[in-house]
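Per-entry structural report
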Amino acid sequence: MPAASRTPSDDNWVRRLAAYRLSPLAFRRVSLFAVWSLGFIIVTGAAVRLTGSGLGCTDWPACTHNDLVSPWQYHALVEFGNRIVTGVVSVVLLAAVPLSALRRPRRSDLTWLSWGLFAGLPAEIVLGGEVVRHNLDPPYVMAHFLFSLVLLALGVALYHRSGFEDGPLDGRGRARRPGTPSPLVSRAQLILGRLLPPAAGVVIFLGTIVTSTGPHGGAPTAPRFHLSLHDVAKLHSSAVWGFLGLSVFTLWRMYRSGAPAEVMRRGETLMVVLVCQGAVGYLQYFSGVPAWLVEIHVTLAATLWVFVLLFALGLTTRPVLVAPANVASRPVADPVDTLLAPA
Ligand code: HEM
(Lines give C-alpha, C1' and ligand atoms only; values in the text may rest on other atoms or scores of the structure.)
Protein backbone atom coordinates (compact mmCIF):
# COMPACT_ATOMS: atom_id res chain seq x y z
CA MET A 1 0.00 0.00 0.00
CA PRO A 2 1.56 3.37 -0.98
CA ALA A 3 2.45 5.34 2.16
CA ALA A 4 0.35 8.30 1.01
CA SER A 5 -2.85 6.23 0.88
CA ARG A 6 -2.30 4.63 4.33
CA THR A 7 -4.50 5.93 7.14
CA PRO A 8 -3.31 6.14 10.76
CA SER A 9 -5.63 3.27 11.69
CA ASP A 10 -3.99 1.07 8.98
CA ASP A 11 -0.62 1.91 10.47
CA ASN A 12 -1.84 1.03 13.92
CA TRP A 13 -3.16 -2.28 12.72
CA VAL A 14 0.07 -3.21 10.90
CA ARG A 15 2.20 -2.14 13.84
CA ARG A 16 0.05 -4.12 16.23
CA LEU A 17 0.33 -7.24 14.05
CA ALA A 18 4.12 -6.88 13.71
CA ALA A 19 4.45 -6.46 17.47
CA TYR A 20 2.19 -9.43 18.22
CA ARG A 21 3.73 -11.82 20.71
CA LEU A 22 2.47 -15.07 22.14
CA SER A 23 2.70 -15.73 25.86
CA PRO A 24 3.84 -19.22 26.99
CA LEU A 25 0.25 -19.91 28.11
CA ALA A 26 -1.23 -18.88 24.77
CA PHE A 27 1.32 -21.06 22.99
CA ARG A 28 0.29 -23.97 25.16
CA ARG A 29 -3.30 -23.51 24.03
CA VAL A 30 -2.14 -23.50 20.41
CA SER A 31 -0.36 -26.81 20.99
CA LEU A 32 -3.52 -28.29 22.56
CA PHE A 33 -5.45 -27.13 19.51
CA ALA A 34 -2.86 -28.94 17.34
CA VAL A 35 -3.43 -32.21 19.25
CA TRP A 36 -7.23 -31.99 18.84
CA SER A 37 -6.93 -31.08 15.16
CA LEU A 38 -4.57 -33.94 14.38
CA GLY A 39 -6.93 -36.35 16.14
CA PHE A 40 -9.88 -34.91 14.22
CA ILE A 41 -8.11 -35.51 10.88
CA ILE A 42 -7.53 -39.18 11.82
CA VAL A 43 -11.20 -39.68 12.72
CA THR A 44 -12.58 -38.06 9.56
CA GLY A 45 -10.05 -39.93 7.39
CA ALA A 46 -11.33 -43.21 8.84
CA ALA A 47 -14.91 -42.12 8.08
CA VAL A 48 -14.00 -41.76 4.39
CA ARG A 49 -12.62 -45.31 4.31
CA LEU A 50 -15.52 -46.76 6.27
CA THR A 51 -18.19 -45.21 4.04
CA GLY A 52 -16.39 -46.82 1.08
CA SER A 53 -15.61 -43.36 -0.29
CA GLY A 54 -11.83 -43.71 -0.57
CA LEU A 55 -12.00 -43.49 -4.38
CA GLY A 56 -14.96 -41.10 -4.46
CA CYS A 57 -12.45 -38.80 -6.12
CA THR A 58 -10.14 -40.64 -8.48
CA ASP A 59 -7.59 -37.86 -8.81
CA TRP A 60 -5.72 -35.55 -6.47
CA PRO A 61 -5.82 -32.63 -5.69
CA ALA A 62 -8.67 -32.18 -8.23
CA CYS A 63 -11.50 -34.65 -7.65
CA THR A 64 -11.36 -36.28 -11.09
CA HIS A 65 -9.53 -35.62 -14.39
CA ASN A 66 -12.53 -33.58 -15.51
CA ASP A 67 -13.85 -32.11 -12.24
CA LEU A 68 -11.91 -29.74 -10.06
CA VAL A 69 -14.47 -30.23 -7.29
CA SER A 70 -16.66 -33.24 -6.58
CA PRO A 71 -19.66 -34.05 -8.73
CA TRP A 72 -23.01 -34.37 -6.91
CA GLN A 73 -22.49 -38.00 -5.85
CA TYR A 74 -22.42 -39.47 -2.36
CA HIS A 75 -18.88 -41.01 -2.32
CA ALA A 76 -17.34 -38.09 -4.20
CA LEU A 77 -18.96 -35.63 -1.80
CA VAL A 78 -17.71 -37.54 1.26
CA GLU A 79 -14.15 -37.82 -0.10
CA PHE A 80 -13.98 -34.27 -1.37
CA GLY A 81 -15.73 -32.92 1.74
CA ASN A 82 -13.05 -34.59 3.84
CA ARG A 83 -10.33 -33.05 1.68
CA ILE A 84 -11.81 -29.62 2.25
CA VAL A 85 -12.29 -30.10 6.00
CA THR A 86 -8.82 -31.59 6.55
CA GLY A 87 -7.36 -29.03 4.14
CA VAL A 88 -8.80 -26.17 6.19
CA VAL A 89 -7.67 -27.76 9.48
CA SER A 90 -4.18 -28.35 8.01
CA VAL A 91 -3.91 -24.77 6.77
CA VAL A 92 -4.94 -23.48 10.20
CA LEU A 93 -2.39 -25.83 11.75
CA LEU A 94 0.31 -24.77 9.31
CA ALA A 95 -0.41 -21.18 10.22
CA ALA A 96 -0.53 -21.93 13.93
CA VAL A 97 2.69 -23.89 14.13
CA PRO A 98 5.06 -21.04 13.18
CA LEU A 99 3.56 -19.18 16.12
CA SER A 100 6.45 -20.74 18.05
CA ALA A 101 8.50 -17.95 16.46
CA LEU A 102 6.18 -15.42 18.11
CA ARG A 103 6.37 -17.01 21.54
CA ARG A 104 8.21 -14.83 24.00
CA PRO A 105 10.64 -15.91 25.10
CA ARG A 106 11.49 -18.25 22.22
CA ARG A 107 12.54 -21.76 23.21
CA SER A 108 14.45 -24.07 20.90
CA ASP A 109 12.82 -27.38 21.92
CA LEU A 110 9.35 -25.97 21.14
CA THR A 111 10.56 -24.43 17.90
CA TRP A 112 12.04 -27.76 16.70
CA LEU A 113 8.89 -29.70 17.52
CA SER A 114 6.74 -27.07 15.82
CA TRP A 115 8.80 -27.19 12.66
CA GLY A 116 8.67 -30.99 12.74
CA LEU A 117 4.88 -30.68 12.58
CA PHE A 118 5.10 -27.98 9.96
CA ALA A 119 7.21 -30.23 7.69
CA GLY A 120 5.21 -33.37 8.47
CA LEU A 121 1.78 -32.05 7.55
CA PRO A 122 2.46 -31.40 3.84
CA ALA A 123 4.20 -34.80 3.71
CA GLU A 124 1.02 -36.38 5.09
CA ILE A 125 -1.11 -34.52 2.54
CA VAL A 126 1.11 -35.75 -0.32
CA LEU A 127 0.97 -39.29 1.10
CA GLY A 128 -2.84 -38.98 1.08
CA GLY A 129 -2.59 -38.17 -2.65
CA GLU A 130 -0.42 -41.25 -3.21
CA VAL A 131 -3.05 -43.40 -1.46
CA VAL A 132 -5.59 -42.31 -4.08
CA ARG A 133 -3.13 -42.62 -6.98
CA HIS A 134 -2.35 -46.20 -5.91
CA ASN A 135 -6.04 -47.08 -5.72
CA LEU A 136 -5.98 -47.56 -1.92
CA ASP A 137 -3.20 -50.12 -2.00
CA PRO A 138 -2.97 -51.27 1.67
CA PRO A 139 0.72 -50.40 2.31
CA TYR A 140 -0.04 -46.79 1.29
CA VAL A 141 -3.17 -46.68 3.46
CA MET A 142 -1.19 -48.12 6.38
CA ALA A 143 1.64 -45.63 5.91
CA HIS A 144 -0.86 -42.77 5.74
CA PHE A 145 -2.53 -43.83 9.01
CA LEU A 146 0.71 -44.61 10.84
CA PHE A 147 2.29 -41.33 9.77
CA SER A 148 -0.73 -39.47 11.13
CA LEU A 149 0.04 -41.07 14.51
CA VAL A 150 3.67 -39.89 14.26
CA LEU A 151 2.36 -36.34 13.75
CA LEU A 152 -0.03 -36.80 16.66
CA ALA A 153 2.94 -37.89 18.81
CA LEU A 154 4.81 -34.72 17.82
CA GLY A 155 1.74 -32.67 18.78
CA VAL A 156 1.50 -34.43 22.17
CA ALA A 157 5.22 -33.87 22.85
CA LEU A 158 4.81 -30.20 21.94
CA TYR A 159 1.82 -29.87 24.24
CA HIS A 160 3.56 -31.69 27.07
CA ARG A 161 6.81 -29.70 26.87
CA SER A 162 5.02 -26.38 26.53
CA GLY A 163 3.65 -26.99 30.05
CA PHE A 164 7.09 -26.62 31.62
CA GLU A 165 8.61 -23.44 32.87
CA ASP A 166 11.27 -21.91 30.61
CA GLY A 167 14.94 -22.28 31.49
CA PRO A 168 17.00 -19.12 32.17
CA LEU A 169 17.34 -16.59 29.32
CA ASP A 170 20.50 -16.60 27.23
CA GLY A 171 22.32 -13.51 25.95
CA ARG A 172 19.90 -13.17 22.98
CA GLY A 173 16.82 -13.18 25.19
CA ARG A 174 15.87 -16.76 24.27
CA ALA A 175 14.89 -19.20 26.97
CA ARG A 176 16.99 -22.28 27.51
CA ARG A 177 15.22 -25.63 27.54
CA PRO A 178 13.48 -26.49 30.83
CA GLY A 179 15.79 -27.98 33.48
CA THR A 180 16.81 -31.62 33.84
CA PRO A 181 13.76 -33.84 34.39
CA SER A 182 13.38 -35.49 37.80
CA PRO A 183 11.88 -38.99 37.73
CA LEU A 184 8.64 -39.48 39.65
CA VAL A 185 9.12 -43.26 39.84
CA SER A 186 12.03 -45.70 40.25
CA ARG A 187 14.40 -46.41 37.37
CA ALA A 188 12.92 -49.87 36.74
CA GLN A 189 9.39 -48.40 36.64
CA LEU A 190 10.54 -45.64 34.33
CA ILE A 191 11.86 -48.25 31.89
CA LEU A 192 8.63 -50.25 32.15
CA GLY A 193 6.50 -47.14 31.58
CA ARG A 194 8.60 -46.06 28.61
CA LEU A 195 8.13 -49.49 27.03
CA LEU A 196 4.38 -48.87 26.80
CA PRO A 197 4.35 -46.51 23.75
CA PRO A 198 6.43 -48.89 21.56
CA ALA A 199 4.23 -51.78 22.74
CA ALA A 200 1.12 -49.77 21.77
CA GLY A 201 2.82 -49.06 18.44
CA VAL A 202 3.11 -52.81 17.76
CA VAL A 203 -0.60 -53.32 18.59
CA ILE A 204 -1.59 -50.45 16.29
CA PHE A 205 0.65 -51.67 13.46
CA LEU A 206 -0.94 -55.13 13.69
CA GLY A 207 -4.36 -53.45 13.72
CA THR A 208 -3.60 -51.84 10.36
CA ILE A 209 -2.72 -55.31 8.98
CA VAL A 210 -6.14 -56.55 10.13
CA THR A 211 -7.79 -53.57 8.45
CA SER A 212 -5.82 -54.24 5.25
CA THR A 213 -7.15 -57.80 5.27
CA GLY A 214 -10.71 -56.98 6.34
CA PRO A 215 -13.74 -55.76 4.39
CA HIS A 216 -13.21 -52.00 4.79
CA GLY A 217 -10.68 -51.16 2.11
CA GLY A 218 -12.27 -47.80 1.31
CA ALA A 219 -13.77 -48.90 -2.04
CA PRO A 220 -15.12 -52.18 -3.47
CA THR A 221 -12.14 -52.38 -5.86
CA ALA A 222 -9.47 -51.71 -3.21
CA PRO A 223 -6.75 -54.39 -3.13
CA ARG A 224 -6.63 -56.51 0.04
CA PHE A 225 -3.94 -58.57 1.76
CA HIS A 226 -4.52 -62.25 1.00
CA LEU A 227 -4.33 -63.31 4.65
CA SER A 228 -6.81 -65.00 6.94
CA LEU A 229 -8.80 -62.33 8.81
CA HIS A 230 -9.17 -64.77 11.69
CA ASP A 231 -5.37 -65.28 11.97
CA VAL A 232 -4.39 -61.62 11.74
CA ALA A 233 -7.12 -60.60 14.20
CA LYS A 234 -5.80 -63.30 16.56
CA LEU A 235 -2.27 -61.91 16.24
CA HIS A 236 -3.56 -58.36 16.84
CA SER A 237 -5.58 -59.36 19.91
CA SER A 238 -2.67 -61.44 21.30
CA ALA A 239 -0.51 -58.30 21.11
CA VAL A 240 -3.32 -56.44 22.92
CA TRP A 241 -3.22 -59.01 25.75
CA GLY A 242 0.57 -58.58 25.95
CA PHE A 243 0.13 -54.81 26.10
CA LEU A 244 -2.58 -55.13 28.74
CA GLY A 245 -0.32 -57.43 30.82
CA LEU A 246 2.58 -54.98 30.60
CA SER A 247 0.33 -52.04 31.54
CA VAL A 248 -1.18 -53.84 34.55
CA PHE A 249 2.24 -55.02 35.74
CA THR A 250 3.70 -51.49 35.39
CA LEU A 251 0.83 -49.84 37.24
CA TRP A 252 0.80 -52.51 39.93
CA ARG A 253 4.54 -51.90 40.59
CA MET A 254 3.94 -48.18 40.72
CA TYR A 255 0.95 -48.55 43.03
CA ARG A 256 2.89 -50.85 45.40
CA SER A 257 5.78 -48.42 45.65
CA GLY A 258 3.49 -45.44 46.32
CA ALA A 259 3.98 -43.56 43.01
CA PRO A 260 2.62 -39.97 43.02
CA ALA A 261 -1.14 -39.56 42.58
CA GLU A 262 -0.84 -37.78 39.21
CA VAL A 263 1.10 -40.74 37.75
CA MET A 264 -1.51 -43.19 39.03
CA ARG A 265 -4.35 -41.02 37.69
CA ARG A 266 -2.86 -40.97 34.21
CA GLY A 267 -2.31 -44.72 34.45
CA GLU A 268 -5.95 -45.25 35.43
CA THR A 269 -7.14 -43.13 32.50
CA LEU A 270 -4.98 -45.22 30.19
CA MET A 271 -6.46 -48.43 31.60
CA VAL A 272 -10.03 -47.19 31.10
CA VAL A 273 -9.36 -46.36 27.43
CA LEU A 274 -7.53 -49.64 26.95
CA VAL A 275 -10.34 -51.76 28.39
CA CYS A 276 -12.99 -49.91 26.32
CA GLN A 277 -10.87 -50.32 23.20
CA GLY A 278 -10.39 -54.05 23.84
CA ALA A 279 -14.15 -54.48 24.35
CA VAL A 280 -14.95 -52.59 21.12
CA GLY A 281 -12.29 -54.69 19.32
CA TYR A 282 -13.92 -58.00 20.31
CA LEU A 283 -17.42 -56.66 19.75
CA GLN A 284 -16.63 -55.57 16.21
CA TYR A 285 -14.82 -58.82 15.43
CA PHE A 286 -17.72 -61.00 16.58
CA SER A 287 -20.38 -58.81 14.95
CA GLY A 288 -18.86 -58.90 11.46
CA VAL A 289 -16.88 -55.61 11.68
CA PRO A 290 -19.73 -53.08 11.18
CA ALA A 291 -18.33 -49.78 9.91
CA TRP A 292 -19.69 -47.66 12.76
CA LEU A 293 -17.94 -49.82 15.38
CA VAL A 294 -14.69 -49.69 13.41
CA GLU A 295 -14.97 -45.88 13.42
CA ILE A 296 -15.18 -46.01 17.24
CA HIS A 297 -12.24 -48.44 17.27
CA VAL A 298 -10.08 -46.05 15.24
CA THR A 299 -11.10 -43.08 17.41
CA LEU A 300 -10.22 -45.02 20.55
CA ALA A 301 -6.92 -46.14 19.00
CA ALA A 302 -5.92 -42.48 18.50
CA THR A 303 -7.14 -41.64 22.03
CA LEU A 304 -5.18 -44.51 23.52
CA TRP A 305 -2.09 -43.38 21.63
CA VAL A 306 -2.39 -39.89 23.15
CA PHE A 307 -2.88 -41.23 26.68
CA VAL A 308 -0.09 -43.77 26.50
CA LEU A 309 2.29 -41.02 25.35
CA LEU A 310 1.12 -38.66 28.09
CA PHE A 311 1.56 -41.43 30.64
CA ALA A 312 5.13 -42.21 29.53
CA LEU A 313 6.08 -38.53 29.27
CA GLY A 314 4.55 -37.81 32.68
CA LEU A 315 6.88 -40.21 34.50
CA THR A 316 9.39 -37.40 34.90
CA THR A 317 8.73 -33.80 35.78
CA ARG A 318 10.26 -30.34 35.69
CA PRO A 319 9.17 -27.02 37.13
CA VAL A 320 5.75 -26.33 35.66
CA LEU A 321 4.40 -23.30 33.90
CA VAL A 322 2.17 -21.31 36.25
CA ALA A 323 -0.44 -18.89 34.97
CA PRO A 324 -0.01 -15.34 36.27
CA ALA A 325 -2.29 -14.86 39.28
CA ASN A 326 -4.52 -12.36 37.45
CA VAL A 327 -5.13 -14.71 34.50
CA ALA A 328 -5.77 -18.02 36.22
CA SER A 329 -4.98 -19.39 39.59
CA ARG A 330 -3.83 -22.90 38.89
CA PRO A 331 -0.80 -24.52 37.25
CA VAL A 332 -1.50 -25.84 33.76
CA ALA A 333 1.09 -28.57 33.59
CA ASP A 334 -1.09 -31.61 34.04
CA PRO A 335 -1.75 -32.73 30.45
CA VAL A 336 -4.53 -35.16 31.35
CA ASP A 337 -6.38 -32.55 33.36
CA THR A 338 -6.17 -30.01 30.60
CA LEU A 339 -7.00 -32.44 27.79
CA LEU A 340 -10.12 -33.55 29.57
CA ALA A 341 -11.18 -30.12 30.68
CA PRO A 342 -9.33 -27.43 28.71
CA ALA A 343 -9.18 -24.20 30.67
C1 HEM B 1 -5.25 -51.79 22.78
C2 HEM B 1 -6.27 -52.25 22.09
C3 HEM B 1 -6.38 -52.09 20.61
C4 HEM B 1 -5.84 -51.14 19.79
C5 HEM B 1 -4.95 -49.96 20.15
C6 HEM B 1 -6.29 -51.44 18.46
C7 HEM B 1 -5.95 -50.70 17.34
C8 HEM B 1 -6.39 -50.97 16.07
C9 HEM B 1 -6.05 -50.20 14.92
C10 HEM B 1 -5.16 -48.97 14.92
C11 HEM B 1 -6.68 -50.75 13.86
C12 HEM B 1 -6.55 -50.28 12.40
C13 HEM B 1 -7.43 -49.13 12.10
C14 HEM B 1 -7.19 -48.61 10.69
O15 HEM B 1 -6.25 -49.02 10.01
O16 HEM B 1 -7.95 -47.72 10.26
C17 HEM B 1 -7.42 -51.88 14.33
C18 HEM B 1 -8.20 -52.69 13.54
C19 HEM B 1 -8.88 -53.79 14.00
N20 HEM B 1 -8.90 -54.28 15.29
FE21 HEM B 1 -7.98 -53.45 16.90
N22 HEM B 1 -7.09 -52.55 18.50
C23 HEM B 1 -7.16 -53.00 19.78
C24 HEM B 1 -7.86 -54.09 20.26
C25 HEM B 1 -8.50 -55.01 19.46
C26 HEM B 1 -9.09 -56.25 19.93
C27 HEM B 1 -9.05 -56.78 21.36
C28 HEM B 1 -9.66 -56.84 18.85
C29 HEM B 1 -10.38 -58.18 18.86
C30 HEM B 1 -10.19 -59.10 17.99
C31 HEM B 1 -9.47 -55.97 17.70
C32 HEM B 1 -9.94 -56.18 16.42
C33 HEM B 1 -9.69 -55.39 15.32
C34 HEM B 1 -10.24 -55.63 14.01
C35 HEM B 1 -11.18 -56.76 13.59
C36 HEM B 1 -9.76 -54.62 13.18
C37 HEM B 1 -10.04 -54.42 11.70
C38 HEM B 1 -11.18 -53.45 11.50
C39 HEM B 1 -11.38 -53.11 10.04
O40 HEM B 1 -11.88 -53.99 9.32
O41 HEM B 1 -11.04 -52.01 9.63
N42 HEM B 1 -8.76 -54.87 18.11
N43 HEM B 1 -7.24 -52.00 15.68
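Scroll up for the structure.
Conventions we followed
- Residues numbered from 1 in each chain as written.
- Predicted model: local features only at pLDDT ≥ 70, side-chain atom pairs only at ≥ 80, totals over all residues.
- Helix = DSSP H or I, 4+ residues; strand = E, 2+ residues; numbered from the N terminus.
- Contact = placed C-beta atoms within 7 Å.
- Near = placed C-beta within 6 Å.
- Nonpolar A, V, L, I, M, F, W, Y, C, P; charged D, E, K, R; others polar.
- Axes fitted to C-alpha atoms, helices over the stretch in contact; angles between N-to-C directions.
- Parallel < 35°, antiparallel > 145°, perpendicular 65-115°, else oblique.
- Left-handed = near helix turned anticlockwise from the far one by under 90°.

Some words on the environment of Val240
Mapped onto the elements, Val240 comes out in helix α7 (residues 229-256). Separated by 40 residues in sequence, Val240 and Ala200 place their C-alpha atoms 8.1 Å apart. Among residues more than four places away in sequence, those in contact with Val240 are Val203, Gly278 and Gly281.

Section: the site of the ligand
Lining the immediate environment of the ligand, one finds 28 residues, of which Gly207, Thr211, Gly214, Gly281 and Ala301 sit closest. Contributing elements (two or more residues each) for the shell around the ligand: α6 (187-213), α7, α8 (261-286) and α9 (291-313). Tallying contributions element by element places α8 first for the shell around the ligand, with 7 residues. Each residue belonging to the shell around the ligand can be placed in one class, and the counts come to 16 nonpolar, 12 polar and no charged.

Here we look at the packing of α6 against α9
Where α6 contacts α9, the two axes come as close as 8 Å, and the packing angle between them is 165 degrees. It follows that α6 is roughly antiparallel to α9 by the angle criterion. In this structure, α6 crosses over α9, and the sense of that crossing is left-handed. Across from Gly193, Arg194, Leu196, Pro197, Ala200, Ile204 and Gly207 in α6, the residues of α9 making contact are Ala301, Leu304, Trp305, Val308, Leu309, Phe311 and Ala312. For the contact of α6 with α9, the per-class residue count stands at 11 nonpolar, 2 polar and 1 charged.

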